[in-house]
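Each chain, letter by letter, is given below.
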Amino acid sequence: TINIAPCLVSNIPNAFTPNGDGDNDTWRVRYIEGRPNVTVEVFDRWGRRVFFSKNGLPAGGWDGSFNGRNLPMDSYFYLINLHDGSDILKGTVTIIR
C-alpha cells in the first residue's frame, strides 16, 4: 500500500470574496480542516491577530470576520503551523468585497 500525502503548499488560496454569492465566500485550505494540532493565524497590516484556530480551519473555512464583524477589503498575513517539524507556512490572503 502506498499512501500519498496531499501537498498543502500548492493549495493555499491567496484571495476570497465573502459577499454571500456562494462562490469563494470563505477562505479554505484543503486538507487542514479539522486537523488536530494545526494552528492557523491571520493578522491585519498592523499585526493584530484577527483569526486563530488550533485545529486547522473550521469545517466551513474562515469567513473574513473578526469579533462578529466583517473585516474590510485588504490583504492579511497568515501563518499555518502543521506542528510536524516542517517550516511554518506564511503568506498573504486578500479579502475582496
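Notes on the structure follow. Small disclaimer: the values here were computed from a predicted structure and weren't measured. (Residues numbered from 1 in each chain as written. Predicted model: local features only at pLDDT ≥ 70, side-chain atom pairs only at ≥ 80, totals over all residues. Heavy atoms only, no water.)

With respect to the pattern of salt bridges
The full count for this structure, using the stated rule, is 3 salt bridges. D44 is the salt-bridge partner of R48, the closest N and O atoms lying 2.9 Å from each other. According to the relative accessible area criterion, R48 is partly exposed, its value standing at 43%. (Salt bridge = Lys/Arg side-chain N within 4 Å of Asp/Glu carboxyl O. Buried < 20%, exposed > 50% of the residue type's maximum accessible area, 1.4 Å probe, protein only.)

Some remarks on the sheet that holds strand β1 (residues 15-16)
Strand order across the open sheet formed by 5 strands is β1-β7-β6-β2-β3, with mixed pairing between neighbours. The open sheet terminates on both sides in strands that have one partner only, identified here as β1 and β3 (49-53). (Pairing = 2+ DSSP bridges. Helix = DSSP H or I, 4+ residues; strand = E, 2+ residues; numbered from the N terminus.)

So, the packing of aromatic side chains
A complete count under the given rule lists 5 aromatic pairs for this structure. Measuring from ring centre to ring centre gives 5.5 Å for F51 and W62, while their planes differ by 35 degrees; the resulting arrangement is tilted. With F51 in strand β3 and W62 in the loop between β3 and β4 (65-66), this residue pair connects regions lying 11 residues apart in the sequence. The class of F51 is buried, set by a relative accessible area of 12%. (Phe/Tyr/Trp six-rings, centres within 6.5 Å; stacked < 30°, edge-to-face > 60°.)

Focus on the nonpolar core
In this structure, W27, I32, V40, V42, L57, W62 and I80 are the most contacted members of the largest nonpolar core, which totals 20 residues. Residue assignment for this core shows that the elements contributing at least two residues are β2 (39-43), β3, β6 (74-81) and β7 (89-95). Discounting residues that sit within four places of it in the chain, L57 has contacts with W27, R28, V29, I32, E33, G34, V40, F51 and W62. (Core = buried A, V, L, I, M, F, W, Y, C linked by side-chain atoms within 4.5 Å. Contact = heavy atoms within 4.5 Å.)

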